[in-house]
Amino acid sequence: MAGMLDAVDQRTQLVGENRLELLMFRLGGMQLFAINVFKVQEVVQLPRLNLMPHRHPSVAGVTHFRGRTIPVIDLSESIGLRPIDKDKPCNLIVTEYNNTVQGFMVGEVDRIINMNWSEILPPPDGTGRQHYLTAITRVNDRLVEIIDVEKVLAEIAPYNTNISDEVIDKELLALAKGLEVLVVDDSSVGLAQCKSTLDHLNIKVHSATDGKRGLDLLKKWAGEGEDVPNKLLMMITDAEMPEMDGYRLTREVREDPRLKDLYIVLHTSLSGSFNKAMVQKVGCDDFLSKFQPDKLASIIQDRIRSVMEAE
């Protein structure tokens, strides 16, 4: 299994190239599921689990991993399928989301595959709002469902979107009422969290559910004669998105003379240390891990101050 993940060390080469690596696995049946390798720290055989009192039904227990205790989530049960049969061979996918480490219990791990984001498509419109997918793709004519892990984690431990009173500069926000921000995110949970925090700041929010749609919206405004860098206080974009990721979106914006001065914040659940190194490479202005409303509010207010000082 360790050999399978050797390619993870080369993942930085994919940034800005609109490519990703998917770790594919099964949850007991034949259907293939996947998550982005960027979020995977290690894959191991399922170790012994210790039960926790009053745990969430989807939390199978906790285990010790490399000197720390981490929760282990039954990924099958958490998305509404039959619980993983622990009497059969199982694996643990250890991941990092938003600077927290957790393990996902799955069945058979298939392989890692390198793909272009243009091959990753949004779920069909008719699937409703309650599904657990951010995207789908096909590998060797087989459907692969990419799981919205942010939604899974949010249902186990709901995210807080409230801003601490001491963070808010009320006088500043009174002067800045009506400012506009574009949020680009394929996760319904990530988009809702960002919108909720910005609502507390009286910011008008435009949204797009993937990088291509975000870019199309920006170019539409520019084509209509809008001065987009002045229209928007900033664009807040996720990194992982179907059709066009946030890194490629940033590159496309920087290469368009009408858009190139737009302030861009990378807002993602991927590893903070990794993304901070990549911000400069692709031309973002700032980076923020997801689900940190106080830090998001601080970035918004700092940007408002910067704009006001320049006027």
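Named according to an unreviewed UniProt entry, the protein chain is Chemotaxis protein CheV originating from Marinomonas ostreistagni.

Asker: An account of the packing of aromatic side chains is requested, with residue identities and associated values reported.
Answerer: Enumeration over the complete set of coordinates arrives at 2 aromatic pairs. Taken together, a centroid distance of 6.5 Å and an interplanar angle of 85° make the contact between Y97 and F104 edge-to-face. Of the two residues, Y97 and F104, both sit in the buried class. Note on Y159 and F291: the rings are 3.5 Å apart at their centroids and 5° apart in plane angle, and the pair reads as stacked. Of the two residues, Y159 sits in the loop between α2 (149-156) and α3 (170-175) while F291 sits in the loop between β15 (286-289) and α9 (293-310), which places them 132 residues apart along the sequence. Overall, the relative accessible area of 25% leaves Y159 in the partly exposed class.

Asker: Describe the environment of P293, with residues and values.
Answerer: Mapped onto the secondary structure, P293 falls in helix α9. Taking the C-alpha atoms as reference points, P293 and N162, separated by 131 residues in sequence, lie 6.4 Å from one another. Those residues within four positions of P293 in sequence are excluded, and the remaining contacts are N160, T161, N162, I163, Q193 and T197.

Asker: Which residues make up the pattern of salt bridges, and what values do they have?
Answerer: Taken as a whole and assessed by the stated rule, the structure comprises 20 salt bridges. The shortest N-O distance in the salt bridge between R66 and E42 comes to 2.7 Å. A residue pair is termed long-range when its members are at least 10 positions apart, and R66 in the loop between β4 (59-65) and β5 (68-74) and E42 in strand β3 (residues 40-45) qualify at 24 residues. The exposed category is assigned to R66, whose relative accessible area is 65%. Here K231 makes a salt bridge to E226, at a shortest N to O gap of 3.8 Å.

Asker: Would you mind going over the packing of helix α5 (residues 211-223) against helix α7 (residues 246-254) in detail, with residue names and values included?
Answerer: Contact geometry for α5 and α7: axes closest at 9 Å, N-to-C directions at 20°. Regarding the angle of α5 to α7, the classification is roughly parallel. For the pair α5 and α7, the crossing hand works out as right-handed. Along its contact with α5, which presents G211, L215 and L218, the element α7 presents L249, E252 and V253.

Asker: I'd like a rundown of the nonpolar core, residues and numbers included.
Answerer: In this structure, F25, L27 and I147 are the most contacted members of the largest nonpolar core, which totals 34 residues. When residues no more than four places from it in sequence are discounted, the contact partners of I147 are F25, L27, F33, A34, L75, I79, Y132, L133, T134 and V152. Counting residues in hydrophobic clusters, the runner-up holds 26 residues, among them V228, L262, I264 and V279.

Criteria and thresholds
Residues numbered from 1 in each chain as written. Predicted model: local features only at pLDDT ≥ 70, side-chain atom pairs only at ≥ 80, totals over all residues. Heavy atoms only, no water. Phe/Tyr/Trp six-rings, centres within 6.5 Å; stacked < 30°, edge-to-face > 60°. Buried < 20%, exposed > 50% of the residue type's maximum accessible area, 1.4 Å probe, protein only. Helix = DSSP H or I, 4+ residues; strand = E, 2+ residues; numbered from the N terminus. Contact = heavy atoms within 4.5 Å. Salt bridge = Lys/Arg side-chain N within 4 Å of Asp/Glu carboxyl O. Axes fitted to C-alpha atoms, helices over the stretch in contact; angles between N-to-C directions. Parallel < 35°, antiparallel > 145°, perpendicular 65-115°, else oblique. Left-handed = near helix turned anticlockwise from the far one by under 90°. Core = buried A, V, L, I, M, F, W, Y, C linked by side-chain atoms within 4.5 Å.

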